[in-house]
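Coordinates in review
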Amino acid sequence: QVQLVESGGGLVQPGGSLRLSCAASGFISGVYVMGWYRQAPGKQRQLVASITTGDSLNYADSVKGRFTISRDDTKNTIYLQMNSLNPEDTAVYYCNAKKRSYSVVDYWGQGTQVTVSS
């Protein structure tokens, strides 16, 4: 099992910044990609950004140039730096880890609310 604990969400004004953190623990051997997804009310969960163990990065078009994903392997933690936030970024943000076992297994954090509003 892999446990993921997110932190850093909150309320921010348009144009502001937030940094999300996701700490992984448990049997993390075999995890090959971690990322952030978000789900707004009435919408499907969608990928925001991901980072592989080989440092390959992937971003949704809507966040390119504004969000940056990074990781600290010494802390088994990934981060999502979010700048120039706008109301369309309002959502619950979930941390995800994909682990290779006999098949690929998805692990999810509990989610953290990000609200962009004046």
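Our subject in this report is the structure included herewith. (Residues numbered from 1 in each chain as written. Predicted model: local features only at pLDDT ≥ 70, side-chain atom pairs only at ≥ 80, totals over all residues. Heavy atoms only, no water.)

1. What about the overall build of the protein?
Secondary structure summary: the protein contains zero helices and 11 strands in total. Going from the N terminus to the C terminus, the protein shows its helices and strands as β-β-β-β-β-β-β-β-β-β-β. Against the compact-globule benchmark of 13 Å for 118 residues, the protein has a radius of gyration of 14 Å, which places it among compact chains. Along the three orthogonal principal directions, the C-alpha set of the protein runs to about 45 × 25 × 25 Å. (Helix = DSSP H or I, 4+ residues; strand = E, 2+ residues; numbered from the N terminus. Rg over C-alpha atoms; globule rule 2.2 N^0.38 Å.)

2. Some words on the nonpolar core
Counting 30 residues, the largest nonpolar core has Leu4, Met34, Trp36, Leu80, Met82 and Tyr93 as its most contacted members. Looking at this core, the elements that each hand over two or more residues are β1 (2-7), β3 (18-26), β4 (31-39), β5 (46-52), β7 (67-72), β8 (77-82), β9 (91-100) and β11 (112-116). If we ignore the near neighbours within four places in the chain, the residues touching methionine 82 are Gly16, Ser17, Leu18, Leu20, Arg66, Phe67, Tyr93 and Val114. (Core = buried A, V, L, I, M, F, W, Y, C linked by side-chain atoms within 4.5 Å. Buried < 20%, exposed > 50% of the residue type's maximum accessible area, 1.4 Å probe, protein only. Contact = heavy atoms within 4.5 Å.)

3. So, the packing of aromatic side chains
Inspection of every chain in the model, using the stated rule, returns two aromatic pairs. With 5.0 Å between their ring centres and 70° between their planes, tyrosine 37 and tryptophan 108 make a pair best called edge-to-face. Of this pair, tyrosine 37 sits in strand β4 while tryptophan 108 sits in strand β10 (residues 104-108), and the two are 71 residues apart along the sequence. In this structure an aromatic cluster arises from ring pairing among Tyr37, Tyr94 and Trp108. Between the NZ or CZ atom of arginine 45 and the centre of the ring of tryptophan 108, over which it lies, the distance is 4.6 Å. For the cation-ring pair, arginine 100 lies above tyrosine 32, with the distance from its terminal atom to the ring centre recorded as 3.9 Å. (Phe/Tyr/Trp six-rings, centres within 6.5 Å; stacked < 30°, edge-to-face > 60°. Lys NZ or Arg CZ within 6 Å of the ring centre and 35° of its normal.)

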